[in-house]
Amino acid sequence: MAIRAFLFVLSCLAAATCRGATFSSLQQTLIVTASPQPAQVLKAGEDEITVTWSLNSTFPAGVDSSYKTVTIKLCYAPISQKDRGWRKTVDNLVKDKTCQHKIVANKPYIFPSNNTFTSTVLRDVPTATYFIRAYAQNSEGDEVAYGQTTDSHKAVNLFEIQAITGRHVSLDIASICFSAFSIVSLFGFFFLEKRKSKASESK
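These figures come from a predicted structure and were not determined experimentally.

Here's the deal with unusual backbone geometry
Right, on to step 1. One non-glycine residue, Asp83, lies in positive phi territory at about 60 degrees.
Right, on to step 2. Mapped onto the fold, Asp83 is located in the loop between strand E5 (69-76) and strand E6 (101-108).
Right, on to step 3. The phi torsion at Asn106 lies on the positive side, around 55 degrees, for a residue other than glycine.
Right, on to step 4. Take Asn106: it is sitting in strand E6.
Right, on to step 5. Residue Asn106 is classed as partly exposed on the basis of its relative accessible area, which comes to 48%.

Rendered as structure tokens:
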């Protein structure tokens, strides 16, 4: 009996079919909208994103009976996944690297009202082109449905996030001041040398 249970667990891990582990098994029952406009550029650590999600009313009543929480994520658009294996899309949600950055996790699912959440873009979000996806989760925390701000090809309503470069405004100001001081010092030195030269000639 124990061996049979062990083999079942191994088969679940290998096939990734237990508890709705594949993206293709999920229904797109949520309508998701977000504040970023197409092609808009947001700055990590500064700009805010507001996300609103609700149940698509075209689905039959009770389709959301298992929805308990919602997790909202930033997801890489295909253009920012090209030649980057660490951002690869995989049907197995455990292995999928499309949506690595959470906007909010385990937000209680409330029906029928619209649900809205506003958050500042996290400072560690890298420069890339993104869309937003919401996952509805059951009481066990498994993804059971989704919605997103783009189409199935992930080609529309995309926006960009610009990462923090590591430079600070105070450093830029100090650099400018130092450069200005260097230029003034150079001209001052040149002026003094010319005066000394003229003084020597007059003697």
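Alright, that's what it looks like, and here's the rest.
Some words on the sheet that holds strand E7 (residues 115-120)
As a general point, the strands of a sheet are linked pairwise by backbone hydrogen bonds and lie either parallel or antiparallel.
Right, on to step 1. Pairing in this open sheet of three strands is antiparallel, and the strands run E2-E4-E7 from one edge to the other. The sheet is open, and its two edges are formed by strand E2 (30-34) and E7, each paired on a single side. Pairwise comparison of adjacent strand axes, ignoring direction, gives a mean angle of 20 degrees for this sheet.
Right, on to step 2. Two strands pair when backbone bridges link them, and strand E4 (residues 48-55) and E7 are joined in this way by six bridges, in the antiparallel orientation. Following the sheet pairing, Ile49 is matched in E7 by Ser119.

With respect to the state of the cysteines
By definition, a disulfide is the covalent link that joins the sulfur atoms of two cysteine residues.
Right, on to step 1. For the structure shown, the criterion picks out one disulfide.
Right, on to step 2. Covalently, Cys75 is tied to Cys99 through a disulfide, its sulfur atoms 2.0 Å apart. One disulfide, between Cys75 and Cys99, carries an S-S torsion of 105 degrees and so falls in the right-handed class. Note that Cys75 is positioned in strand E5 and Cys99 in the loop between E5 and E6, a separation of 24 residues in sequence.
Right, on to step 3. Residue Cys99 is classed as buried on the basis of its relative accessible area, which comes to 8%.

Reading the values: the criteria
Residues numbered from 1 in each chain as written. Predicted model: local features only at pLDDT ≥ 70, side-chain atom pairs only at ≥ 80, totals over all residues. Heavy atoms only, no water. Helix = DSSP H or I, 4+ residues; strand = E, 2+ residues; numbered from the N terminus. Buried < 20%, exposed > 50% of the residue type's maximum accessible area, 1.4 Å probe, protein only. Pairing = 2+ DSSP bridges. Axes fitted to C-alpha atoms, helices over the stretch in contact; angles between N-to-C directions. Disulfide = S-S within 2.5 Å.

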